[in-house]
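Summary of the model geometry
Spelled out, the chains give:
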Amino acid sequence: MTRGLLLLIKVLVLAGAAFWLAEQPGQVTLEWQGWRLDTTVGIFLLATVLFGLSLAFLIWLFRSVWGAPKAYSRFRSQSRRERGYRALTQGLVAVAAGDKYEAARQSRRANALLNDPPLTMLLSAQSAQLAGDDKAATDYFKSMLDQPDAAFLGVRGLMMQAIKSGDKAEALRLAKKANELRPDTPWVLKELMELQLAAGDVDNAIATLDRAVKVKAISAEQGTKRKADLLMAKSRQAREEHDADRALKFAGQAQKLDPQSVEAITIQARLLIQQGKSRKAERLIEEAWKTVPCAALANAYRDASTETDMLYQVKRFEGLLAQNPDHAESHIALARISLDAKLWGEARSHLKKLDDSDVTPRVCRMMAELEEAEHGDLDAARRWLERASADEQNGEI
């Protein structure tokens with residue numbers, strides 16, 4: 001509607017201009033080389049416009065004919081690129097779908113049609129990987145190292161090849177190179193950290209983890225938990241090297257990050273016991289018992305005292321139970337020490353307080369021991385042991 005209205009306005013304007021020119025009096029005379037032309041102003045202007053339009057048409061026609069070969073060449077190049085990128089896309093889709101034959105076919109087409117080495121080499125490498133030709137894939141990835149825009153992809157491909165072949169040292173070298181090329185790439189940081197850990201380089205793994213958290217490749221919560229695990233790895237490493245002070249320090253740092261880490265608490269307690277700081281170890285376990293009571297802590301608590309009087313040990317464990325009186329592990333721990341003290345009734349009293357879901361194979365063995373020791377009931381003991389065995393076969397602890 002709008003275009004029709006504009007066209008009507010233009011026609012009216014042109015018609016009005018033509019009418020105005022036709023109504024204007026006056027003559028135009030041209031003399032050249034003995035020739036004389038007399039005409040009206042309107043006819044002269046109309047002839048001038050027609051001449052200009054004709055000249056413009058001739059210029060356009062000349063340019064079109066002159067530029068036809070180049071235009072045709074551009075058209076062919078554009079068509080070739082479009083077909084090449086279509087082949088590249090279809091090839092990558094075939095790789096994703098696991099169709100090695102289609103991937104190889106489209107790879108050849110893309111190579112023939114495109115003058116874009118990084119992309120076509122990537123497709124060729126992935127196609128070779130899919131076909132199981134690791135040597136060809138490696139050659140393609142190495143060729144990409146010489147292309148500035150594709151060097152990172154080449155390093156990544158070679159790193160994955162090294163991981164696949166089990167060459168962790170080469171994979172770590174390539175992961176470091178990838179990190180140099182793209183320092184804040186999330187997958188590079190994650191892969192580098194895992195390879196550093198596999199190589200026993202825990203210090204650099206922690207530094208890489210900190211960077212991964214900083215660039216949000218890993219969430220802060222996951223980073224905290226993982227860092228606690230890495231500190232525990234350093235603590236275990238220090239223990240293997242018989243460096244108790246460093247082992248204790250790293251375990252303490254891990255516990256600060258993960259207050260409920262039983263391993264961190266247990267290692268600290270046992271190292272403190274070795275250093276003759278049994279009371280400090282007891283306080284550490286008593287505090288932890290409020291939130292994470294377990295057999296490992298109970299065993300460490302028992303070893304914190306060298307007292308051979310079992311009644312004294314029972315009193316100690318009654319104090320431990322008081323830290324978390326309703327938890328099943330508190331009753332199990334006190335039942336265990338009561339059994340060792342031959343306080344059969346005390347042991348049975350605590351075991352009876354357990355729900356059926358708390359009766360694990362460990363508890364079943366305690367019940368078997370109790371039945372045999374208190375009543376000499378070997379049949380009852382056997383039934384408890386059979387239940388323990390059946391529960392273990394079902395995956396219960």
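Residues numbered from 1 in each chain as written. Predicted model: local features only at pLDDT ≥ 70, side-chain atom pairs only at ≥ 80, totals over all residues. Heavy atoms only, no water.

It is worth spelling out the overall build of the protein at this point. Broken down by element type, the protein carries 19 helices and 2 strands. Buried positions account for 35% of the 397 residues belonging to the protein. Summarising the internal contacts of the protein: among those between residues at least 6 apart in sequence, 46% fall at separations of at least 24. With the model as given, the accessible surface of the protein reaches about 24,500 Å², and the carbon-plus-sulfur share is 56%. (Helix = DSSP H or I, 4+ residues; strand = E, 2+ residues; numbered from the N terminus. Buried < 20%, exposed > 50% of the residue type's maximum accessible area, 1.4 Å probe, protein only. Contact = heavy atoms within 4.5 Å. Areas by Shrake-Rupley, 256 points an atom, 1.4 Å probe, with all protein chains shown as cover.)

A grouping of Leu5, Leu6 and Ile9 is seen on the molecular surface, where their side chains present a nonpolar patch of about 280 Å² in accessible area. When you line up the elements, leucine 5 lands in helix α1 (residues 2-23). (Patch = residues over 30% accessible without salt bridge, like charges linked within 9 Å, V, L, I, M, F, W, Y side chains within 5 Å. Salt bridge = Lys/Arg side-chain N within 4 Å of Asp/Glu carboxyl O.)

Moving on to the side chain of serine 338. With respect to the helices and strands, serine 338 occurs in helix α16 (residues 328-340). Residue class for serine 338 comes out buried when judged on its relative accessible area of 0%. Leaving out residues up to four positions away in the same chain, serine 338 has contacts with Val314, Leu343, Glu346 and Ala347.

Once that is clear, we can look at unusual backbone geometry. For lysine 216, which is not a glycine, the phi torsion comes out positive at approximately 65°. Examined against the element boundaries, lysine 216 turns out to sit in the loop between α9 (202-214) and α10 (220-240). Positive phi values are uncommon outside glycine, yet histidine 242 reaches one of about 60°. Mapping histidine 242 onto the fold places it in the loop between α10 and α11 (244-257). Using a relative accessible area of 75% as the deciding quantity, one classes histidine 242 as exposed.

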